[in-house]
Amino acid sequence: MEKKLLRVLVVDDSPDDTELTVEVLRRAGYMLKTQRVQDIAGMQTALTKESWDVIITETDVPQFSVTLVLDTLRHAKQDSPCIVMTRTVSDADLTKLMHAGVRDIVFKNQASRLAPVIERELAVTQGRHQQQETQRTLTRLEQRYRALIDGSREAVCYSHDGIHTETNRAYLALFGYNDATELADVPVLSLIDKADHARLKDLFRKPGRSPQGAGGSEFVAIKKDGTRFPVEISISAIDMGGEIWHQITINDISKRKAMDSKLQFLQERDSLTGLYNRHYFVVELGKAVTAAKTKKGKSALLYIGLDQLKEINEAYGFTAGDKVLLKVARLLGANIENNDVLARYGGSEFAILLHGADETSARQVADKMRSTLKETSFSEANQTFECQCHFGIGAINANVESAEKTLAIAQRAFLTARTPHQQTKAELHVEAPPTPPPAATKPTPAPAPQAAPPAKVVENRSPIVSAIENALKGHGFQLLYQPIVNLHGDPAENYEVLVRMVSAEGNLIPAGEFMPAAEESKLALAIDHWVIRNAIKALRELRAKGHQATFFVNLSATALNDSDLPIVIVDALRDSGVKGHSLVFEVKDSSLAGHAKEAAAFISSLGKLGCRFAADDFGKRLGGAPLQQPLEFLKIDNSLVHNLLNEQGGNETVKEIFDSAVNDNRRIIIKNVEDAASLSALWNFGVEYVQGNYFQPPDATLNYNFAGESIDSDQATSGWTQVDR
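Asker: Hey, could you go over the pattern of salt bridges for me, with residue numbers and the actual values?
Answerer: Where charged atoms from two side chains of opposite charge come close, those side chains can pair. Here the structure, examined in full by the defined rule, presents 34 salt bridges. Note that Glu496 is salt-bridged to Lys635, the shortest N-O span being 2.9 Å. You can see Glu496 sitting in strand S20 (residues 494-502) and its partner Lys635 sitting in strand S25 (residues 633-637), a full 139 residues away along the chain. Judged by its relative accessible area of 6%, Glu496 falls in the buried class. According to the relative accessible area criterion, Lys635 is buried, its value standing at 0%. With a closest N to O distance of 3.1 Å, Glu632 and Arg612 form a salt bridge. You can see Glu632 sitting in the loop between strand S24 (612-616) and S25 and its partner Arg612 sitting in strand S24, a full 20 residues away along the chain. Residues participating in the shared-partner salt-bridge network are Asp12, Asp17, Glu58, Arg87 and Lys108.

Take a look at the structure:
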């Protein structure tokens, strides 16, 4: 048998005898990873951290009998062969040990027998594992086919020569039938729209392959009442006594299609105006340039900017500025054709792709829009706004170089047109109406807005809000990372991402000191966006170094209602190449329970990207309604666990919480673990993940050694020690 790395757990209170065992196995050609333990605590810890190939135990370890060793091994559910290596044993004890489960006994004066005994037991164990895996596979297959007969949740039918022969309850319910007899001898094609018959026939002829044509395996199905709905159909051919039957599985994808459409809308649209966003516009501009260069059509680009929108926001608030943007968006949309593309390109800037237009006609459209906007006024706080936008034009014809070049030409033209206005400030102005107002006169443009100056707004802001605003404008935030450690030896790299604000003195301010003010002042969403973009950027850099890490990212309660957040995440993931599965978003348990409807929609939309979710501070609502969202992780504060354990019946309460999570396929993370004493209780309750300063405080670096954790028997009562081997 080919020698490989052998993991050996030695139960012996003698270091010298352990060294004898190690030396014998090394001479036999094995590469070894060994650990010596001498008590039950040490063995429990070792079994938690590692899967061992073989257990070698002495018979006379004080207060740790071979029977207890076997019981500990069985309790840990490890199928490792146990071999006794001792100096002497009576015939009666030998018989008892073999009955108890010892695989063989080797005397220390015959240590050379150890290697062949281990080689034999490894072969036996491997054969047993293969047999168990085969049995498990057979059991799974049996259960799968039995489930189809007894009533699968999937809509399944069996067909012979294209006719329904058998259907399950889910299939009948999907199409609105009450009894299988209603479909007896009915063709399967009768439940599919006629336009899809050819593709479905192709799928019957070549089962298992995606049919040709748009939509692939997607079809339009017809209910009993005539309702049409989208489905996915998969067909498998089954040889039943020489006759070919077909197993047909049908999935209703109505909800998925609706969610995909909604997510696509969010990806393409600006959340305020409902216009297309910059990314979508740039893609369409690229298509127009390609068409023009291949002489398949011409287009023109209009680049439009609003002057002094910043001053309006500062003087009258963002609500007034948003009203201006919305009205301008509607006016621009009313002056273009249905096939033209209108987008909000930036904060106060718009872009229009005019299909079929040349520079002359584009200029005519711009003049018309300029005239319309000039005749339009906006009112806010008894003030009147008159607006004339500035335009830049870029022609898209066979001579165009690229989309970027066209955009740059239009932007330069826009900036050139805007420059005189910036000097005179004559085209967008805000004035209080004169008292009394002169008859039939138009207000004279003022050099600058006078009503409600921005300085007064700034004076009323709290210092912490001003600090948050300044931090968002500059580099006033920093990300820290804290490892989330698996107690069962899984070296997967998991980090929680924590945000800190940098004070004027250079100190890091915890999120708990500024996030309440950020949420109250509606700045929390901007912080969420900053954290997500920078966390994904850091994750991309970490993965480029070969680390398959996962980031747990905290979100504020207001994120559940943020329609822009999916767009931010989609853009960041696309630009970085990071997969959504590498992100776990954490939302407080109270927010998930208090906004269940919003949370469900939020989790569903981001779940389409592969993102996962965790409930933070879980357990503080004990006795409340259970969470219904598809959460993979539950984060519980370590202090809550200890408080419960100190109460009468607390052990059962904690066990109930943990068992409930396991039954719901959710993983427990205990956070704020600060001392070694906590770990023993957490291991006993089967906790999978822990996090806290005991392992590593939050740090700006991402270099925690997840694979370097090891526990020796002498250290089991004092906690974890990181050991380099």
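Moving on from the coordinates now.
Asker: Can you break down the nonpolar core residue by residue, with the values?
Answerer: Formed by 71 residues in total, the largest nonpolar core has its most connected members in Phe551, Phe585 and Ile670. Considering each element in turn, this core owes the most residues, nine residues, to helix H17 (residues 524-544). Apart from residues no more than four positions distant in its own chain, Phe551 is found in contact with Tyr481, Tyr495, Val497, Ala535, Ala538, Leu539, Leu542, Ser582, Leu583, Val584 and Leu702.

Asker: Can you lay out the environment of Arg370 for me, pointing to particular residues and giving the numbers?
Answerer: By the secondary structure assignment, Arg370 is in helix H12 (residues 359-374). For the pair Arg370 and Leu332, spaced 38 residues apart in sequence, the C-alpha separation works out to 9.6 Å. For Arg370, the residues in contact, after removing those within four places along its chain, are Cys389 and Phe391.

Asker: Explain the confidence of the model for the chain to me, and be specific about the residues and the numbers.
Answerer: For the chain, mean pLDDT is 81; residues scoring 70 or higher make up 85% of the total. Taken element by element, the chain is modelled with least confidence in strand S29 (residues 721-722), mean pLDDT 32, and with most confidence in strand S22 (residues 550-554), mean pLDDT 95. Contacts of residues 421-460 to residues separated by more than four positions or lying in other chains number 58 contacts, the stretch itself having pLDDT below 50. Residue range residues 709-725 is modelled with pLDDT below 50. Its contacts to residues more than four positions away, or to other chains, number 50 contacts.

Asker: Mind laying out the sheet that holds strand S2 (residues 31-37), listing which residues take part and the relevant values?
Answerer: Taken in spatial order, the five strands of this open sheet run S2-S1-S3-S4-S5, and their pairing is parallel. Since the sheet does not close on itself, it has two edges, and those belong to S2 and strand S5 (104-107), each with one partner. The mean angle between the axes of side-by-side strands here comes to 25°, regardless of whether they run parallel or antiparallel. By the bridge criterion, three bridges tie strand S3 (residues 54-57) to strand S4 (residues 82-86) in an arrangement that is parallel. Within S4, the position partnered with Thr57 by the bridge is Val84. Packing against the sheet, helix H1 (residues 15-27) makes contact with strand S1 (5-11), S2, S3 and S4, and its axis sits at approximately 165° to S2.

About the thresholds
Residues numbered from 1 in each chain as written. Predicted model: local features only at pLDDT ≥ 70, side-chain atom pairs only at ≥ 80, totals over all residues. Heavy atoms only, no water. Salt bridge = Lys/Arg side-chain N within 4 Å of Asp/Glu carboxyl O. Helix = DSSP H or I, 4+ residues; strand = E, 2+ residues; numbered from the N terminus. Buried < 20%, exposed > 50% of the residue type's maximum accessible area, 1.4 Å probe, protein only. Core = buried A, V, L, I, M, F, W, Y, C linked by side-chain atoms within 4.5 Å. Contact = heavy atoms within 4.5 Å. pLDDT = per-residue confidence, 0-100. Pairing = 2+ DSSP bridges. Axes fitted to C-alpha atoms, helices over the stretch in contact; angles between N-to-C directions.

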